[in-house]
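One-letter residues, chain by chain:
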Amino acid sequence: MKERLQKILSARGVASRRQAEEMIADGRILVNGQLAMLGDTADADMDEITVDGRPLPSPQKLVYIMLHKPKGYVTTLSDEKGRPDAAQLVADCGVRVYPVGRLDMDSEGLLLFTNDGEFANRLMHPKHEVNKTYEVTVDGYSDEALERLKRPIVLDGYKIKAPEVSLLKRLPEGQGKLQVVIHEGRNRQVRRMCAAAGMQVKRLVRTKEGRVSLGSLPSGKWRYLTQEELAELL
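Residues numbered from 1 in each chain as written. Predicted model: local features only at pLDDT ≥ 70, side-chain atom pairs only at ≥ 80, totals over all residues. Heavy atoms only, no water.

J.: Describe the pairing of strand β7 (residues 64-69), with residues and values.
T.: Judged by how many residues are buried, β7 sits mostly within the fold: six of six residues are covered. Side chains Y64, M66 and H68 of β7 all project onto a buried face; the interleaved residues I65, L67 and K69 project onto the opposite face, where all are buried too. Two strands pair when backbone bridges link them, and β7 and strand β9 (residues 108-114) are joined in this way by six bridges, in the antiparallel orientation. Residue pairing for β9: L67 is matched across the bridge by L111. Summarising the sheet, β7 and strand β17 (residues 222-224) pair through three bridges and their orientation is antiparallel. From the neighbouring strand, M66 faces β17, where its bridge partner is R223. (Buried < 20%, exposed > 50% of the residue type's maximum accessible area, 1.4 Å probe, protein only. Helix = DSSP H or I, 4+ residues; strand = E, 2+ residues; numbered from the N terminus. Pairing = 2+ DSSP bridges.)

J.: I'd like a description of the environment of Q34, backed by residues and values.
T.: With respect to the element layout, Q34 can be found in strand β3 (residues 34-35). What makes Q34 exposed here is its relative accessible area of 55%. Along the primary structure Q34 and M193 are separated by 159 residues, whereas in three dimensions their C-alpha atoms are 48 Å apart.

J.: Please provide a residue-by-residue account of the sheet that holds strand β2 (residues 29-31), values included.
T.: The strand order across the open sheet formed by four strands is β3-β2-β5-β6, and the pairing between neighbours is antiparallel. Sheet topology places β3 and β6 (54-55) at the edges, where each strand pairs with a single neighbour. As paired strands, β2 and strand β5 (residues 49-51) are joined by three bridges and run antiparallel to one another. Bridge pairing in β5 links L30 to T50.

Written as structure tokens, this is what we have:
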């Protein structure tokens, strides 16, 4: 069955769909000895597909992982500054996996990894609106700032939906611990929302994606998702 090349590459664990498009555009993919172009289709079972001159990998066992990402790790697969990569923490899973979405370097908590490109694409597509829940410790807390945080604002020219915000605990010296649920995943969204409301994020931990919870998984450790958790996410 013919499918778009980027979908085939993603399904075989070569790269995410977006990265696969870049590889095609860079001339790294051949189909039956011919240079592939964006928009091309192929049959993975019938056509000879090579990546950088090497045969397309055989179908892999699909893997779905939850990592408790510590602070200080980036989620890009290659970092020009040589900073620690969260993928290093799941390298012992036995297959090449890549992160589903991102957590910025200063943030902690639940980060999913997989080699299933269709699964990753589904979760990251805006129309699926997988809610993300965070516990956020802030400086400059006040009831007025909390109310401001509950309002929709414009980020990157896009009006985000109003987050679900609740106070978990008042802390000394003008700090507070909040629960924030967002519906999109724009760059450093929670930090920027808090700043717009007059609060500075001191610690940010993602605790849930959809109804799948980080639970008691220790920082820096990973585990496989259960079948029930996969069903929840899909």
